[in-house]
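Take a look at the letters that make up each chain.
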Number of protein chains: 2
Amino acid sequence: MRSPHAVIEAATPVPEGAASVENHPSAATTPGARTRSQLQRRKRIVQAAAALASRGGVEAMQMRTVAERAGVALGTLYRYFPSKMDLVVAVVGEEIDLLESSIQRRPPSAPTASGRAVDVLMRATRGLMREPELADALLRSLIMTEVETPFGDRMARLLLRVAGEGLTVELATEDQLTLANSLASVWVHELLEMLRGLRTYEQIQHRLEIVSARLLMDF
Amino acid sequence: MRSPHAVIEAATPVPEGAASVENHPSAATTPGARTRSQLQRRKRIVQAAAALASRGGVEAMQMRTVAERAGVALGTLYRYFPSKMDLVVAVVGEEIDLLESSIQRRPPSAPTASGRAVDVLMRATRGLMREPELADALLRSLIMTEVETPFGDRMARLLLRVAGEGLTVELATEDQLTLANSLASVWVHELLEMLRGLRTYEQIQHRLEIVSARLLMDF
DNA sequence: CCGCAAAGTAGAACACGCTCTAATCCGTGT
DNA sequence: ACACGGATTAGAGCGTGTTCTACTTTGCGG
């Protein structure tokens, strides 16, 4: 409904017939040994799904349509993603990959740990909000899904990494992970409120600053 | 799947034919002038829905089944609740009322503000978890709904009330509300994780203690 | 090259949320 | 008493996620 380009689709109008033979398609959210062409197919599916979701949200991303657009039979789609939710989760995975690499490219520069965390979260917020339909769809789906998503954990580790500047995440204590994880869930909550039209960027930033200052106080 | 009684259904096997003429059926979550028999019907519907949801969760609560069990036509059900989500939200409303009054009956007694907050949250957790299927359905729906539910705010005020013992909530600063609200959203997140089988009571308690200690440190 | 299991395909079919229709019921104002 | 309008009903029907079936293609070990 809103703007016509997806954060994710970027340069991917979903090549139909003979696709270029990508080698390491960033398997991201799905391990397990696969052949090259299977990875390709998987990638095409996710791209098609993302493209569809970026306009019109989840409802525009119909399984039949995704299959068609990915040039794949419905049965095959279901072989790769046993449910629509799994597909959505995969799309989310790519989204996080993007955020992660964006952060690696241009790390936050605030002086305090808390500040850097807020920085990252606000950047993620703006990124997601570029495609409200998509963001809404993805967020809600993530929360709804029975499937265990590594979302919270990934976000927590990301936050820890930028918070404790040189900190090796492996050295983080259980409690530190808990705190980062909690900050992430507060963020998700704020995002949902924003999608409901109950928050502005400024409000979110302010609230995150307050909470982050306390949760990450001793980093 | 789990235990056979619902927190809510209590003494309500959904009277079918000639129902007793209840007078003030605790309109709770739906204002608007209605006739007596309409309120009765509405109540029967919600009860049927709750009873179904309490075993088998949302999926067991099929609109056709709810209608049948409430002794009402499908069309009528949809007249009262335009979507399944609205029905679920109504059920949630009743559940929250219960929790709130339980807390009023037996207030938390921990010495610190943070402790009392955790106390309340853990009690709510155990209450909800008595009916996991139902809790799951209700929680997710709450998060999902477009409708603005006062849930977060209600919870935040409740927490503030027990945290600052004699504190009049009206005197709370904006920032204090933010902190309480954030604690509530962390709690919701933990609940979801528990429903996914990723948390025990002990873990949740520990995590809430850590977070609460920081968020409510100066109460 | 052969055979065969795994993967893919087209499409029918099913389940369930939701909508629509035509008929009937019910209560209220005149 | 009666007519009228809104509420209710039974049931058909639609859309979309998911499953199933029968068939074909693909890739690989021997």
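Residue numbers run consecutively from 1 along every chain, following the written order of its sequence. For naming, the first written chain is A and the first written ligand is 1, with later ones following in the order written. Since the coordinates come from a predicted model, pLDDT governs what is reported: local features require at least 70, and pairs of side-chain atoms require 80 or more to be given and counted, while whole-chain, interface and lining totals use all residues. Calculated side-chain values reflect all of the structure's heavy atoms, with hydrogen atoms and water omitted.

Participant: Could you give an account of the overall build of chain A, with specific residues and numbers?
Facilitator: Helical segments are the DSSP runs of H or I of at least four residues, strand segments are the runs of E of at least two, and each set is numbered from the N terminus. Secondary structure summary: chain A contains 10 helices and zero strands in total. Tracing chain A from N to C terminus, the helices and strands come up as α-α-α-α-α-α-α-α-α-α. Sorting the 219 residues of chain A into buried and exposed places 53% on the buried side. Put simply, chain A shows about 10,400 Å² of open surface, and 53% of that area lies on carbon and sulfur atoms. To sort residues, take the accessible area from a 1.4 Å probe on protein chains only and compare it with the maximum for the residue type: under 20% means buried, over 50% means exposed, and anything in between is partly exposed. Each accessible area value is a Shrake-Rupley result obtained with a 1.4 Å probe; residue values ignore everything except the protein chains displayed when judging cover.

Participant: Talk me through the interface of chain B and chain A; I want residue IDs and the actual numbers.
Facilitator: When checking whether two residues touch, look at their non-hydrogen atoms; a contact exists if any pair is within 4.5 Å. Tallying the contact residues gives 28 residues for chain B and 28 residues for chain A. Defined here as a combined quantity, buried area equals the accessible surface (1.4 Å probe) lost by two parts on assembly, summed across both. Counting each side, the surface lost to burial between chain B and chain A is near 2,700 Å², with a carbon and sulfur contribution of 56%. Note that Asp-218 of chain B and Arg-214 of chain A form a salt bridge whose closest N and O atoms lie 3.1 Å from each other. Think of a polar contact as two N or O atoms within 3.5 Å of one another; within protein, one of them needs to be a possible hydrogen donor and the other a possible acceptor, and neighboring residues in sequence only count if both atoms come from side chains. Counting every contact that joins chain B to chain A gives seven residue pairs in polar contact (both at pLDDT 80 or more). Secondary-structure elements contributing two or more residues to the side of chain B that touches chain A are helix 7 (132–144), helix 9 (174–195) and helix 10 (201–215) of chain B. A per-element tally of the side of chain B that touches chain A places helix 9 of chain B first, with nine residues. In this classification, Asp, Glu, Lys and Arg are treated as charged, Ala, Val, Leu, Ile, Met, Phe, Trp, Tyr, Cys and Pro as nonpolar, and every other residue, Gly included, as polar. Considering only residue class, the side of chain B that touches chain A consists of 12 nonpolar, seven polar and nine charged. Within this document, salt bridges are pairs made up of a side-chain nitrogen of Lys or Arg and a carboxyl oxygen of Asp or Glu, the two lying within 4 Å of each other.

Participant: Hey, could you go over the relation of the copies chain B and chain A for me, with residue numbers and the actual values?
Facilitator: Least-squares superposition aligns the copies on the C-alpha atoms of those residues with pLDDT at or above 70 in both. Mapping chain B onto chain A calls for a rotation angle of 179° and an axial translation of 0.1 Å; the resulting RMSD is 1.0 Å. The transformation just described matches what one would write down for a two-fold rotation axis. Looking at chain B, 100% of its interface residues are interface residues in chain A too, so the copies touch through the same face.

Participant: Tell me about the UniProt feature "DNA-binding region" (unreviewed entry) in chain A, residues and numbers included.
Facilitator: With numbering aligned to this structure, UniProt lists the feature "DNA-binding region" (unreviewed entry) at residues 62–81 of chain A. Split by type, residues 62–81 of chain A is 70% helix and 0% strand. Its first and last C-alpha atoms lie 13 Å apart. UniProt positions are given in the numbering used here, feature names are shortened, and annotations may be inferred rather than shown by experiment.

Participant: Describe the confidence of the model for chain A, naming the residues involved and giving the relevant values.
Facilitator: Residues and elements named next belong to chain A. On a range of 0 to 100, pLDDT expresses the predictor's confidence in each residue. Confidence in the prediction of chain A, expressed as mean pLDDT, is 80, and 79% of residues score 70 or more. Looking over chain A, one finds the lowest element-wise mean pLDDT in helix 7 (residues 132–144), namely 75, and the highest in helix 10 (residues 201–215), namely 98. This stretch, residues 1–31, has a pLDDT under 50; its non-local contacts, to residues over four places away or in other chains, come to 56 contacts.

Participant: So what about the protein's contact with DNA strand D? Which residues, and what values?
Facilitator: Think of it this way: one heavy atom of a residue within 4 Å of a molecule or strand is enough to make that residue near it. Close to DNA strand D lie 16 residues, the nearest being Gln-62, Arg-64 and Lys-84 of chain A together with Arg-41 and Thr-76 of chain B. The sugar and phosphate moieties of DNA strand D supply 70% of its atoms located within 4 Å of the protein. Taking Gln-62 of chain A, its side chain carries an N or O atom lying 2.9 Å from a phosphate oxygen of DNA strand D. Note that a phosphate oxygen of DNA strand D is positioned 2.9 Å from one of the backbone N or O atoms of Ala-73 of chain B. Of all the elements, helix 4 (residues 74–80) of chain B adds the most residues to the surface near DNA strand D, at three residues.

Participant: Help me get a handle on the packing of helix 10 of chain A against helix 9 of chain B, residues and values and all.
Facilitator: What counts as an axis is a line fitted to C-alpha atoms, over the stretch in contact for a helix, and the angles between N-to-C directions run from 0 to 180 degrees. Where helix 10 of chain A contacts helix 9 of chain B, the two axes come as close as 10 Å, and the packing angle between them is 70°. In terms of orientation, helix 10 of chain A and helix 9 of chain B fall into the roughly perpendicular class. Crossing of helix 10 of chain A over helix 9 of chain B shows right-handed handedness. Taking contact as the criterion, the partners of His-206, Arg-207, Ile-210, Val-211 and Arg-214 of chain A in helix 10 of chain A are, on helix 9 of chain B, Asp-175, Thr-178, Leu-179, Asn-181 and Ser-182 of chain B. A class-by-class count of the residues in the contact of helix 10 of chain A with helix 9 of chain B yields three nonpolar, four polar and three charged. Any angle that falls under 35 degrees is termed roughly parallel, while one over 145 is termed roughly antiparallel, one within 65 to 115 roughly perpendicular, and all others oblique. Here a crossing is called left-handed whenever its near helix is offset anticlockwise from the far helix by less than a right angle, and right-handed whenever the offset is clockwise.

Participant: An account of the protein's contact with DNA strand C is requested, with residue identities and associated values reported.
Facilitator: Taken together, 15 residues are adjacent to DNA strand C, and Thr-76, Arg-79 and Tyr-80 of chain A together with Arg-64 and Lys-84 of chain B come closest. In this structure, a phosphate oxygen belonging to DNA strand C sits 2.8 Å away from a side-chain N or O atom of Tyr-80 of chain A. Here a phosphate oxygen of DNA strand C sits 3.3 Å away from a polar atom, N or O, in the side chain of Tyr-78 of chain B. Among the elements of the structure, helix 4 (74–80) of chain A together with helix 3 (63–69) and helix 4 of chain B are those that each provide at least two residues to the surface near DNA strand C. When residues of the surface near DNA strand C are assigned to their parent elements, the largest contribution, three residues, is made by helix 4 of chain A.

Participant: Let's hear about helix 5 (residues 84–105) of chain A: which residues, and what values?
Facilitator: To estimate the expected span of a helix, count its residues, drop one, and scale the result by 1.5 Å. The first and last C-alpha atoms of helix 5 of chain A sit 32 Å apart over 22 residues, in line with the 32 Å expected at 1.5 Å per residue. Along helix 5 of chain A, the residues classified as buried are Leu-87, Val-88, Val-89, Ala-90, Val-91, Val-92, Gly-93, Glu-95, Ile-96, Leu-99, Ser-102 and Ile-103 of chain A.

Participant: Report on the packing of helix 10 of chain A against helix 10 of chain B, specifying residues and quantitative values.
Facilitator: Between two packed helices, what matters for the description is the angle formed by their axes and the separation of those axes. At their nearest, the axes of helix 10 of chain A and helix 10 of chain B sit 8 Å apart, and the two run at 115° to each other. Relative to helix 10 of chain B, helix 10 of chain A is oriented so that their crossing is right-handed. Mapping the contact onto sequence places Val-211, Arg-214 and Leu-215 of chain A in helix 10 of chain A and Val-211, Arg-214 and Leu-215 of chain B in helix 10 of chain B. The residue inventory of the contact of helix 10 of chain A with helix 10 of chain B, partitioned by class, reads four nonpolar, no polar and two charged.

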